[in-house]
Amino acid sequence: MKATAHLAWKSLANRKTTAILTILTVAISVILLLGVERIRTQAKNSFANTISGTDLIVGARSGQVNLLLYSVFRIGNATNNIDWKSFEEFSQNPAVDWAIPISLGDSHKGFRVMGTTQAYFDHYKYGQKQHIELSEGREFNSLFETVIGADVARELGYKIGTEIIIAHGISDVGFARHDNLPFKVVGILAPTGTPVDKTVHVSLEAIEAIHVGWESGTNMGNNPGADVLKKMDFQPQQITAFMLGLKSKIQTFALQRQINTYNKEPLSAILPGIALHELWGMMSVAEQALLAVSGFVVVAGLLGMLSSLLTSLQERRREMAILRAMGARPRHVFVLLVSEATALTFAGIITGIAGLYALLAVIKPFIQHQYGISIELNFLTSYEWMLMGLVLIAGVIIGFIPAFRAYRQSLADGMTIRI
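Residues numbered from 1 in each chain as written. Predicted model: local features only at pLDDT ≥ 70, side-chain atom pairs only at ≥ 80, totals over all residues. Heavy atoms only, no water.

Undergrad: Go over the overall build of the chain with me, naming the residues and quoting the values.
TA: Assigned secondary structure in the chain consists of 14 helices and 16 strands. Within the span of the chain, comprising 419 residues, buried residues form 47% of the whole. Residue pairs in contact within the chain that sit at least 24 positions apart in sequence constitute 78% of those at least 6 positions apart. Summed over its atoms, the accessible surface of the chain is roughly 20,600 Å², and 60% of this surface lies on carbon and sulfur atoms. (Helix = DSSP H or I, 4+ residues; strand = E, 2+ residues; numbered from the N terminus. Buried < 20%, exposed > 50% of the residue type's maximum accessible area, 1.4 Å probe, protein only. Contact = heavy atoms within 4.5 Å. Areas by Shrake-Rupley, 256 points an atom, 1.4 Å probe, with all protein chains shown as cover.)

Undergrad: So what's going on with the nonpolar core? Residues and values would help.
TA: Counting 33 residues, the largest nonpolar core has Ile57, Leu68, Val72, Ile100, Tyr120, Tyr124 and Met243 as its most contacted members. Sorting the residues of this core by element identifies helix H3 (64–72), strand S3 (96–108), helix H5 (118–123), strand S10 (183–189), strand S15 (241–246) and helix H10 (272–315) as the ones contributing at least two each. Considering each element in turn, this core owes the most residues, six residues, to H3. In this structure Leu68 touches Ile57, Phe73, Ile270, Pro272, Ala275 and Leu276, once residues within four positions along its chain are discounted. Core analysis: the next-biggest nonpolar cluster, separate from the first, contains 25 residues, Leu33, Ala341, Leu360 and Leu387 among them. (Core = buried A, V, L, I, M, F, W, Y, C linked by side-chain atoms within 4.5 Å.)

Undergrad: Just give me the short version of the pattern of salt bridges, but keep the residues and values in it.
TA: If you walk through the whole model with that rule in mind, you get seven salt bridges. The partner of Arg154 in a salt bridge is Glu155, with the nearest N and O atoms 3.7 Å apart. On the accessibility criterion, Glu155 (32% relative accessible area) is partly exposed. Through salt bridges with shared partners, a single ionic network connects Asp151, Arg154 and Glu155. (Salt bridge = Lys/Arg side-chain N within 4 Å of Asp/Glu carboxyl O.)

Undergrad: Would you mind going over H3 in detail, with residue names and values included?
TA: Of all nine residues in H3, seven are buried, a share of seventy percent or more. Looking one or two places after H3, you find Arg74, whose phi comes out positive at around 60 degrees.

Undergrad: Pulling in residues and values, what's your account of the side chain of Glu145?
TA: Among the secondary structure elements, Glu145 is positioned in strand S8 (residues 145–148). Within the structure, Glu145 has its side chain in polar contact with the side chain of Arg138 (distance 2.8 Å). Only 3.0 Å separates the side chain of Glu145 from the backbone nitrogen of Asn141, close enough to count as a polar contact. (Polar contact = N/O pair within 3.5 Å; in protein donor to acceptor, adjacent residues only side chain to side chain.)

Undergrad: Pulling in residues and values, what's your account of the packing of aromatic side chains?
TA: Applying the stated criterion to the full structure yields eight aromatic pairs. Taking the centre distance of 5.4 Å and the plane angle of 70 degrees together, the rings of Phe121 and Phe140 count as edge-to-face. Taken together, the residues Phe121 in helix H5 and Phe140 in the loop between strand S7 (134–137) and S8 connect sequence positions 19 residues apart. Residue Phe121 shares its accessibility class with Phe140, and that shared class is buried. Between Phe144 and Phe183 the ring centres are 5.3 Å apart and the planes differ by 75 degrees, which places this aromatic pair in the edge-to-face class. You can see Phe144 sitting in the loop between S7 and S8 and its partner Phe183 sitting in strand S10, a full 39 residues away along the chain. Just as Phe144 is buried, Phe183 falls in that class too. (Phe/Tyr/Trp six-rings, centres within 6.5 Å; stacked < 30°, edge-to-face > 60°.)

Undergrad: Describe the pairing of strand S4 (residues 111–116), naming the residues involved and giving the relevant values.
TA: For S4, the tally of buried residues reaches six of six residues, placing the bulk of the element in the interior. Here S3 runs beside S4; their pairing, made up of five bridges, is antiparallel. Pairing of His108 across the sheet is with Phe111, part of S4. Counting the residues between successive antiparallel strands, the hairpin from S3 to S4 contains two residues, one of them, Lys109, with a positive phi of roughly 50 degrees. (Pairing = 2+ DSSP bridges.)

Undergrad: Describe a nonpolar patch on the surface, and please don't skip the residues or the numbers.
TA: Side chains of Tyr383, Met386, Leu390, Ile393 and Ile397 sit close together on the surface and give an oily, nonpolar patch of about 500 Å² of accessible area. Here Met386 shows up in helix H13 (residues 382–408). Of the residues examined, Met386 reaches a relative accessible area of 43% and is grouped as partly exposed. (Patch = residues over 30% accessible without salt bridge, like charges linked within 9 Å, V, L, I, M, F, W, Y side chains within 5 Å.)

Undergrad: How would you explain unusual backbone geometry if you had to name every residue and give the values?
TA: When glycine is set aside, most residues are seen to have a negative phi, and most peptide bonds are trans. Positive phi, normally seen in glycine, also occurs at Arg74, with a value near 60 degrees. Summarising the element assignment, Arg74 is placed in the loop between H3 and strand S2 (82–83). The exposure class assigned to Arg74 is buried, which follows from its relative accessible area of 11%. At Lys109, a position not held by glycine, the phi torsion is positive, near 50 degrees. Checked against the element boundaries, Lys109 lands in the loop between S3 and S4.

In short, the description is geometric, and any link to function would need to be established separately.
What follows is the structure in structure tokens.
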């Protein structure tokens, strides 16, 4: 067996150009297969870890997936705002332990701005019920102070004391900026791997203050300065959504029904876990399609290897015959060809795994910035090892075809063949 392995290595080295191309073909298919699986699972984990310990999310009447996306993941926009009095009524409900109001709609250099209260820092949790924490500074306690996420600080180079300008709406363009009202960075949050890292946090009162003199998203020109606004008392009129934590899980469905049938304005209350499950259901078709495509690419890669082995076999008939003449038995020739296929597949898998980690290391910052999905460079999971095992087995089976053809060749056929 050792001699056969050595002979297989020498044979592949003699045809190194073809062997390298075959390895790269298998490697590319492995990168796609593992890459789709890794991004799929990491995306699910990243989404699932974004919010924890919140029983209900309440917003204007809409689909529960849409409400989840804009309130938690900062994707898309609300269909409507909700009245502050509605928030006050439900936050004071006997079943409610805590409530976090949020106001969205503004931005800063591509990052969402969120208005909220001290309750956000006290009660919002992510991952395994982990609280958000400050890595530097403190929480805001004045009108024009802001606490920024870790990604905002890193990508824009902001530090404690930096002044920033908030823009009205999602597009950060000159005419939409609140230039006369700079915010001072007083705190930077520790990384969480969630959309929190990409958010600029200010008070609800600040959201009201910067929109004095604005109507329907248009600057009417009457914009008081910061000194004037600080002397005014601001009460939120509307918010985008709010999150509720209940004293008992048993009361969840009763309160949800009460909110959904609220007669003063149309509201929707959703359970984050159920909304996530619906989101995965919507994405399942796309997931299966991606996995099917990556599977076909693996098959195409293995068929390319088969084609290469069969083509080279015709050129190696004299080599096979000489081996037979030197005492090699048909099974030795068979094992030689299978060993070559196995070696090519194994080398392709190793190259593919190395290429996957190199590729993920390069695109990780881009995916984090664009989609808020944290891709961890963890070791292969048991399921991923199983996939690689199936690819290796398929490669070995593919090697049986040229090996069987070589097995059937006769000694006389090789010694008289014309090259």
